[in-house]
Amino acid sequence: MAANWETFTTAEPELARTVEERFGAFTHHILATLRKDGSPRTTGLEVRFLGGELWLGMMPDSLKALDLRRDPRFALQANPGEGTGMGGGDVRISGRAVEVDDPGTKAAYRKEVEPPEPFHLFRTELTEVVRTSVEDDKYLVVQVWKPGEPVRALKRT
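Let me begin by describing the structure that accompanies this report.

Now for the environment of Phe-23. Take Phe-23: it is sitting in helix α2 (residues 13–24). Judged by relative accessible area, which is 3%, Phe-23 ranks as buried. Taking the C-alpha atoms as reference points, Phe-23 and Glu-112, 89 residues apart in sequence, are found 18 Å from one another. Excluding residues that lie within four positions of it along the chain, Phe-23 makes contacts with His-29, Val-47, Phe-49, Leu-76, Gln-77, Ala-78, Val-91 and Ile-93.

Put into structure tokens, the structure is as follows:
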């Protein structure tokens, strides 16, 4: 089961706000895709939250775009920033990326983001959102959301 960004924000607005803040704190993040041989590839990426969707824009024929065309599964890690503070926690999103070729959708994205031309555009379908944080300098807290389920929180010392 998968869901778009709006489905997640409707189901879990507080966690969604935290995730967007973490991604908004820095421009570049880490995208993991699968190479042709099945091994992982990690690359830098900018993301956008627009119109109820999480968008991934890429240069034409970039390896990450070719990876996603072949196998749409991805993992996206928010830039943790400098040092070890990780204000707001460590955030990652998993799912599938669906390439968008619709001229109207790409035009709206182009107007809002002004990406270099030409570009690949992928809409995401979320399968999991995870936030890991430290509470009271004592507990490691892992929040996990999956479509159709409430957030599950695990707390460890």
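Picking up where we left off.
When its volume is computed, the largest pocket comes out at roughly 300 Å³. Taken together, 17 residues make up the lining of the largest pocket; nearest its centre are Glu-46, Gly-57, Met-58, Met-59 and Pro-116. Looking at the lining of the largest pocket residue by residue, the class counts come to 10 nonpolar, 3 polar and 4 charged.

One turn of the α-helix equals 3.6 residues, which is why residues spaced by three or four share an orientation. Taken together, the buried positions of helix α3 (residues 63–70) are Lys-64, Ala-65, Asp-67 and Leu-68. Projected down its long axis, α3 carries its buried residues within an arc of 160 degrees, all on one side. Check the buried side of α3 and you find it contacts β1 (29–34), β2 (40–45), β4 (53–58), β5 (73–77), β6 (90–99) and β7 (120–135).

On to the pattern of salt bridges, then. The full count for this structure, using the stated rule, is 11 salt bridges. Arg-73 is paired through a salt bridge with Asp-71; the nearest N and O atoms lie 2.7 Å apart. Two residues, Arg-92 and Asp-90, come together in a salt bridge whose shortest N-O distance is 3.1 Å. We classify Arg-92 as partly exposed; its relative accessible area is 32%. For Asp-90, a relative accessible area of 15% gives the class buried.

This paragraph deals with the nonpolar core. Counting 25 residues, the largest nonpolar core has Leu-56, Leu-76 and Ile-93 as its most contacted members. Looking at this core, the elements that each hand over two or more residues are α1 (5–11), α2, β4, α3, β5, β6 and β7. Counting residues per element, this core draws most heavily on α2, which supplies 4 residues. With residues up to four places along the chain from it excluded, the contact list for Leu-56 reads Leu-31, Leu-45, Val-47, Leu-68, Leu-76, Ala-97, His-120, Leu-121, Phe-122 and Thr-124. The next biggest cluster of nonpolar side chains, apart from the first, holds 6 residues, and it includes Val-100, Tyr-109, Val-113 and Phe-119.

Further remarks concern the environment of Glu-6. Along the polypeptide, Glu-6 turns up in helix α1. A relative accessible area of 46% means that Glu-6 is categorised as partly exposed. Between the alpha carbons of Glu-6 and Gly-81 there is a distance of 26 Å; along the sequence they are 75 residues apart.

This paragraph deals with the pairing of strand β9 (residues 152–156). Bridge count between strand β8 (residues 139–145) and β9: 5 bridges; the pairing is antiparallel. Of the residues in β9, the one forming a bridge with Val-144 is Arg-152. Connecting β8 to the next strand, β9, in antiparallel fashion are 6 residues, including Gly-148 with a positive phi near 80 degrees.

Rules and cut-offs
- Residues numbered from 1 in each chain as written.
- Predicted model: local features only at pLDDT ≥ 70, side-chain atom pairs only at ≥ 80, totals over all residues.
- Heavy atoms only, no water.
- Helix = DSSP H or I, 4+ residues; strand = E, 2+ residues; numbered from the N terminus.
- Buried < 20%, exposed > 50% of the residue type's maximum accessible area, 1.4 Å probe, protein only.
- Contact = heavy atoms within 4.5 Å.
- 1 Å grid on protein atoms, 1.4 Å probe; cavity = no way out; pocket = protein on both sides within 12 Å on 5 of 7 lines; lining within 4 Å.
- Points joined across faces, edges and corners; volume = space filled by probe spheres on them.
- Nonpolar A, V, L, I, M, F, W, Y, C, P; charged D, E, K, R; others polar.
- Arc of directions from axis to C-beta.
- Salt bridge = Lys/Arg side-chain N within 4 Å of Asp/Glu carboxyl O.
- Core = buried A, V, L, I, M, F, W, Y, C linked by side-chain atoms within 4.5 Å.
- Pairing = 2+ DSSP bridges.

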